[in-house]
Amino acid sequence: MRIDLHAHSTASDGTSTPAELVAEAAAAGLDVVALTDHDTTAGWPAAIAARPPGLALVPGAELSCRWHGGAWPISLHLLAYLFDPSEAALATELARVRLSRETRAERMVELMYADGIDVTWEEVLQDAAGGTVGRPHLAQALIRRGLVGTVSEAFEPQWLGRRYRVPKDDLDVFLALRLVLDAGGVPVFAHPRASVRGPIVPDELIVEMAGAGLFGLEADHTDHSPAEREHVRALAGRLGLVTTGSSDFHGTNKTVRLGARTTAPEVLERIAAAGRGSRVVG
């Protein structure tokens, strides 16, 4: 079986609609795909309705989190699988984070406009098409103006990486863990050693997270070097956590393709057995 447990749609910052995503997953030869849009479950119904025969869908989300225990706050992402999307406490917090993303993006537009870049808030909202607003939507506006060539270039420090970047109000990581677990979900730490993305948390925090109910670590990810993948696997082994692999597919916003990394079937079985808030569809 080919299982990809991390993919995004237009419900957040991917370029494929939820219906297109499940069709593309089947065309890529996947047996299972997880829909894990940022801080939202809005794409679940459309993906479930459009699911092709022979493809199983794992409903999920990628939660924007932050750890405040170091010298400075560090952002991290928590993949949450098979939780109840109607659970009030989690739904309320996700709505708050989505609003923070929108406020942040609007402020970034204002900063660019003040520098003479005529990006408009209306076009960013049009690109988001009702989904969770993210930096890739601002990147598309820069690409259209010929200021950058790719989303990756737009994320460089002179653009959205630092100069025009504004922090958002993320979830405390231990609150996020508790909310996911209370909603019957299964939490997995996304790309925990991806140093190419910026500062990473120490292993000591992952030990604490494991004690608080963390179920697994995403080891096989494009942003992990071979050494980083091995480090994650060894740490997961010591802590009794599962390890997953996935593409972190964003459509044309990234070059990585569906199924670039995969998860072992026995790991999916353990995740499915642990999830109490929703179920694998198919």
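For the structure itself, look to the data block above.
Since the structure is predicted, the reported quantities are computational estimates derived from the model, not experimental observations.

## Some details on the pairing of strand E7 (residues 216-220)
Here is step 1: Of all the five residues making up E7, five are buried; the element is thus mostly covered by neighbouring parts of the structure.
Here is step 2: Across two bridges, strand E6 (residues 186-189) lies against E7 in parallel orientation. Its bridge partner lying in E7, Phe 189 is registered against Leu 217.
Here is step 3: Remark: the E6/helix H9 (residues 203-211)/E7 crossover connection has right-handed handedness.
Here is step 4: The pairing of E7 with strand E8 (residues 242-245) spans four bridges and is parallel. Bridge pairing links Asp 220 to Gly 245 in E8.
Here is step 5: In this fold, the crossover linking E7 to E8 by way of helix H10 (residues 226-239) has right-handed handedness.

## Some details on the pairing of strand E3 (residues 56-67)
Here is step 1: Counting buried positions over the 12 residues of E3 gives 12, a clear majority of the element.
Here is step 2: Side chains Ala 56, Val 58, Gly 60, Glu 62, Ser 64 and Arg 66 project from E3 onto one buried face, and the interleaved Leu 57, Pro 59, Ala 61, Leu 63, Cys 65 and Trp 67 project onto a second face that is buried too.
Here is step 3: Assessed by its sense of winding, the connection that carries the chain from strand E2 (residues 32-38) through helix H2 (residues 44-50) to E3 is right-handed.
Here is step 4: What sits between the antiparallel neighbours E3 and strand E4 (residues 74-81) is a turn of six residues.
Here is step 5: Where E3 meets strand E5 (residues 171-172), two bridges bridge the pair, whose relative direction is parallel. Across the sheet, residue Cys 65 finds its bridge partner in E5, namely Leu 171.

## Topic: the pattern of salt bridges
Here is step 1: Counting across every chain of the model gives 18 salt bridges.
Here is step 2: With its nearest N and O atoms 2.8 Å apart, the salt bridge here joins Arg 145 to Asp 118. Here Asp 118 lies in the loop between helix H3 (88-114) and helix H4 (121-128) and Arg 145 lies in the loop between helix H5 (135-144) and helix H6 (151-154), a separation of 27 residues in the sequence.
Here is step 3: When the shortest N-O distance is used, the salt bridge between Asp 220 and Arg 229 registers 3.8 Å.
Here is step 4: Through salt bridges with shared partners, a single ionic network connects Asp 118, Glu 123, Asp 127, Arg 144 and Arg 145.

## Things to note about the environment of Arg 66
Here is step 1: With respect to the secondary-structure elements, Arg 66 resides in strand E3.
Here is step 2: Sequence separation of Arg 66 and Leu 30 is 36 residues, and the distance between their C-alpha atoms is 32 Å.
Here is step 3: The residues contacting Arg 66, other than those within four sequence positions of it, are Pro 73, Ile 74, Ser 75, Leu 76, Lys 168, Asp 170, Leu 171, Asp 172 and Val 173.

## Digging into H3
Here is step 1: Spanning 27 residues, H3 covers 39 Å between terminal C-alpha atoms, matching the ideal 39 Å at 1.5 Å per step.
Here is step 2: Leu 90, Glu 93, Leu 94, Val 97, Ser 100, Arg 101, Arg 104, Ala 105, Met 108, Val 109 and Met 112 are the residues of H3 that are buried.
Here is step 3: For H3, the N-terminal capping position is held by Glu 87, with its side-chain oxygen 3.2 Å away from the main-chain nitrogen of Ala 89.

## Examining H10
Here is step 1: Helix length check: H10 (14 residues) gives 20 Å between terminal C-alpha atoms against 20 Å at 1.5 Å per residue, within 8%.
Here is step 2: For H10, the set of buried residues is Glu 228, Arg 229, Val 232, Leu 235 and Ala 236. The buried residues of H10 all sit within an arc of 130° when viewed along its axis, so they share a single face. Away from the buried face of H10 by more than 90 degrees, exposed residues Pro 226, Ala 227, Glu 230, Gly 237 and Arg 238 are located.
Here is step 3: Considering only its buried residues, H10 is in contact with H9, E7 and E8.
Here is step 4: Of the residues one or two after H10, Gly 240 is the one with positive phi, at around 75°.

About the cut-offs
Residues numbered from 1 in each chain as written. Predicted model: local features only at pLDDT ≥ 70, side-chain atom pairs only at ≥ 80, totals over all residues. Heavy atoms only, no water. Buried < 20%, exposed > 50% of the residue type's maximum accessible area, 1.4 Å probe, protein only. Helix = DSSP H or I, 4+ residues; strand = E, 2+ residues; numbered from the N terminus. Pairing = 2+ DSSP bridges. Right-handed = clockwise from strand over helix to strand, strands pointing away. Salt bridge = Lys/Arg side-chain N within 4 Å of Asp/Glu carboxyl O. Contact = heavy atoms within 4.5 Å. Expected span 1.5 Å × (residues − 1). Polar contact = N/O pair within 3.5 Å; in protein donor to acceptor, adjacent residues only side chain to side chain. Arc of directions from axis to C-beta.

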